Amino acid sequence: MSPMEKSGLYYPNKFGMITIKALEEVMGKNGLNAILNLSGLTHYIDNYPPDNLEKQFDFSELSGIGIALEEMYGPRGGRGLALRAGRATFADALKNFGALAGVGDMAFKVLPLQAKLRIGLPAMARIFSQISDQHSTVEEKENEFIYTIHKCPVCWGRHDVDKPVCFIATGLLQEGLKWVSGGNEFRVNESLCHALGDDVCEFIIQKEPIS
Ligand SMILES: [Zn+2]
């Protein structure tokens, strides 16, 4: 597989580092190295992006990793690993970002569930909008939240798909919701995907938890 054309849009290095470490946690060092080889990201083998907020991790690098996961493990296996990697990405580090720091406070913990979601989800979106080129927004409906990624790194440059493919983002949202809610699992479905020709990537989050 040849490396995908660069997007010129970036995550901070720290997000790239967190994602690669999460992949290593989920699939082991050898699995990670195979994925980095397959996605043309050999420069990251034993040399993770630095732990800083400089915007240098190109969106195409994340979508390349998603493609490599599917090529190596098949659509089903790749999807499972991408979901787990997304969850690990949040669990390992994103919860420590400023906009979400207050979620651990007692004053937040005693809020009703829906108030937690109403505060926590936009806070997650804000982290991405503020420190990366991934602009994200949240809209509240009667029974669900609509989480929209306006420029999505997960499917950057992809067209050859017949279903939404942004599983790393879905996993990240699932784990973020679990943490914000204090332990609940929520249904998250990607309803629009840029790789399918839609303008944005959109995720429907049911307000009522499934567990
Ligand atoms: Zn996407």
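Note on numbering: residues in each chain are counted from 1, in written sequence order. In keeping with the model being predicted, local features are shown solely for residues with a pLDDT of at least 70 and side-chain atom pairs are shown and tallied solely at 80 or more, while totals for entire chains, interfaces and linings include all residues. Neither water nor hydrogens contribute to the side-chain values; these are computed over all heavy atoms in the structure.

A. Geometry of the environment of Asn184. Along the chain, Asn184 falls in the loop between helix 6 (167-181) and strand 5 (188-192). Here the alpha-carbon distance between Asn184 and Pro164, two residues 20 residues apart in the chain, equals 24 Å. Residues are treated as being in contact if the distance between any of their heavy atoms lies within 4.5 Å. With sequence-adjacent residues up to four places away left out, Asn184 is seen in contact with Leu113, Leu177, Lys178, Pro209 and Ser211. Secondary structure elements are taken from DSSP: a helix is a run of H or I of four residues or more, a strand is a run of E of two residues or more, and numbering for both begins at the N terminus.

B. Main features of unusual backbone geometry. Non-glycine residue Asp46 carries a positive phi angle of around 55°. If you trace the backbone, Asp46 turns up in the loop between helix 1 (13-38) and strand 2 (55-58).

C. Local environment of the pairing of strand 6 (residues 201-206). Partly exposed residues are those whose accessible area sits between 20% and 50% of the maximum for their type, while under 20% is buried and over 50% is exposed, using a 1.4 Å probe and protein chains only. Counted residue by residue, strand 6 has five buried out of six residues, so it is predominantly covered. Taken together, the six bridges between strand 4 (residues 144-149) and strand 6 define a ladder with antiparallel strand orientation. If you follow Thr148 over to strand 6, its bridge partner there is Glu202. Being paired, for any two strands, means DSSP has found at least two bridges between them. In this sheet, strand 6 lies alongside strand 5 in antiparallel orientation, the contact comprising four bridges. In the sheet register, Val188 faces strand 6, and the bridge partner there is Ile205.

All we've got here are geometric facts, nothing functional implied.
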